[in-house]
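Listed below are the residues making up each chain.
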Amino acid sequence: MKTNTQPPSASASPRFCNMGNFMRLPHAESAENLDFAIIGIPFDTAASFRAGARFGPNGVRNISAMIKPNNVAMGVNIMDSLHGADLGDVPVIPDYIHETYAAIEASVGSVLDCGAVPIAIGGDHSVTLGELRAAAKKHGKLSLVHFDSHLDLCDTVFGQKYNHGTPFRRAMEEGLIDPEHSIQIGMRGSLYDPDDFKIAADLGFKVIPGDMLHKMTAEELGAAVKERVGDRKVFLTFDIDFVDPAYAPGTGTPEIGGFTSFETLCYVRELKDLNFVGFDVVEVAPPYDHSEITSYMAANLIFEFMSVLAYQKKNGKR
């Protein structure tokens, strides 16, 4: 006898959560036998200015159909070397950040337990804390490689400890990341506290501000990152506002003076020898996007990260 299948109730799963098919990859229920798994995290309750990143996973997935599997610059066909699938979205709970953190930790943890690398699509940057909890639980204290225009090291925002401006202060306090072997890249823009970069350094982080990065080559950046993290296990987090708003306007807190799409791809390619255990791209807000260029930038960053994994697998490094 056939049984009618009903759609999920919106009281249990938000309407903006979906099953997902990044790059038209197959959908899977678990990460078993996979090298990587795509996970959407459509949560933006912790955004401090413009909301809309809850629609990021859908926006990035929609335009990702444009991406083909060969990365000529990296010399790989990602699907020749890797097995991957899209697991759909974490069952986030709008307005309830701690319950959402628990859901993120469970979803990412299940991927890590299967031996796959989680690739997450945010969501605002608060979601990374949940991912780091899962990754540190599996691998121990991590090195963080963080591309952004903001440090996200505030102690509080609006008097609250959990916000998209605080995740790495909490991650440090919880012992999830090792600041002495972590690096923050591309920070720029006006500040309330002129000592923000000094505060980051005092906490142990190495910061390469945007004005310094503009004077460096991609190769020099790659060498600086490698020197900082060595062979330690690395989580790579990428806030789309690292990219100049001319190339990525669809984000909640844009900052001018950023980096071109080409420069950004070159930076990621220079990280091909790091020991990655997780990746996310966050803060894509489709309501402020034009012609889907921000979503497409994010989709290509995911493709570049997948290409790094494929390069490592092809060359016996994974």
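Residues numbered from 1 in each chain as written. Predicted model: local features only at pLDDT ≥ 70, side-chain atom pairs only at ≥ 80, totals over all residues. Heavy atoms only, no water.

1. Notes on the pattern of salt bridges
Applying the stated criterion across every chain yields a total of 14 salt bridges. A salt bridge links Asp155 to Lys161, with the nearest nitrogen and oxygen atoms 2.9 Å apart. Here the salt bridges do not stand alone but share partners, grouping Asp155, Lys161, Arg170 and Glu173 into one network. (Salt bridge = Lys/Arg side-chain N within 4 Å of Asp/Glu carboxyl O.)

2. Section: unusual backbone geometry
Looking along the chain, the bond that leaves Gly122 and enters Gly123 is cis, with omega of 15°. On the secondary structure map, Gly123 appears in the loop between β5 (117-122) and α4 (127-139). For Ser291, which is not glycine, the phi dihedral falls at a positive 55°. Since its relative accessible area comes to 70%, Ser291 is described here as exposed. (Helix = DSSP H or I, 4+ residues; strand = E, 2+ residues; numbered from the N terminus. Buried < 20%, exposed > 50% of the residue type's maximum accessible area, 1.4 Å probe, protein only.)

3. Brief notes about helix α8 (residues 218-229)
In a regular helix each residue adds 1.5 Å, so 12 residues correspond to 16 Å; α8 covers 17 Å between its end C-alpha atoms and thus fits that length. The inward-facing, buried residues of α8 abut β6 (143-147), β7 (183-185), β8 (206-208), α7 (210-213), β9 (233-239) and α9 (261-269). Once α8 ends, the next one or two residues include Gly230, with phi positive near 60°. (Expected span 1.5 Å × (residues − 1). Contact = heavy atoms within 4.5 Å.)

4. What to know about the packing of α9 against helix α10 (residues 293-314)
Where α9 meets α10, the axes come as close as 9 Å, and the angle between the chain directions of the two elements is 25°. Comparing their axes, α10 and α9 come out roughly parallel. As α9 runs across α10, the sense of the crossing is right-handed. Each of Ser261, Thr264, Leu265, Val268 and Arg269 in α9 lies in contact with α10, whose residues at this interface are Met297, Asn300, Leu301, Glu304, Phe305 and Val308. Among the residues forming the contact of α9 with α10, the class breakdown is 6 nonpolar, 3 polar and 2 charged. (Axes fitted to C-alpha atoms, helices over the stretch in contact; angles between N-to-C directions. Parallel < 35°, antiparallel > 145°, perpendicular 65-115°, else oblique. Left-handed = near helix turned anticlockwise from the far one by under 90°. Nonpolar A, V, L, I, M, F, W, Y, C, P; charged D, E, K, R; others polar.)

5. Examining the layout of surface pockets
Counted as a void, the largest pocket has a volume near 890 Å³. Residue lining of the largest pocket: 32 residues in total, with His150, Cys154, Leu191, Tyr192 and Asp196 positioned closest to the centre. Ranked by the residues each element gives to the lining of the largest pocket, the list is headed by helix α6 (residues 196-202), at 4 residues. Taken together, the residues of the lining of the largest pocket break down into 12 nonpolar, 10 polar and 10 charged. (1 Å grid on protein atoms, 1.4 Å probe; cavity = no way out; pocket = protein on both sides within 12 Å on 5 of 7 lines; lining within 4 Å. Points joined across faces, edges and corners; volume = space filled by probe spheres on them.)

6. Digging into the nonpolar core
Ranked by size, the top nonpolar core spans 56 residues in total, and within it Phe22, Val145, Phe147 and Ile302 carry the most contacts. The dominant element in this core, judged by the number of residues it contributes, is α10, at 12 residues. What Phe147 contacts, discounting residues up to four positions off in sequence, is Ile185, Leu221, Leu236, Thr237, Phe238, Asp239, Phe242, Tyr267 and Leu271. Ranked by size, the runner-up nonpolar core spans 45 residues in total, among them Ile39, Ala116, Leu153 and Val282. (Core = buried A, V, L, I, M, F, W, Y, C linked by side-chain atoms within 4.5 Å.)

7. Focus: the pairing of strand β10 (residues 275-282)
Of all 8 residues that make up β10, 7 are buried, and the element is covered over most of its length. When β5 meets β10, the two strands line up parallel, connected through 3 bridges. Residue pairing across strands places Ile121 opposite Val281, the latter belonging to β10. Judged from the 7 bridges that link them, β9 and β10 form a sheet pairing that is parallel. By the bridge assignment, Phe235 is partnered in β10 with Gly278. Regarding the hand of the β-α-β motif, the stretch spanning β9, α9 and β10 is right-handed. (Pairing = 2+ DSSP bridges. Right-handed = clockwise from strand over helix to strand, strands pointing away.)

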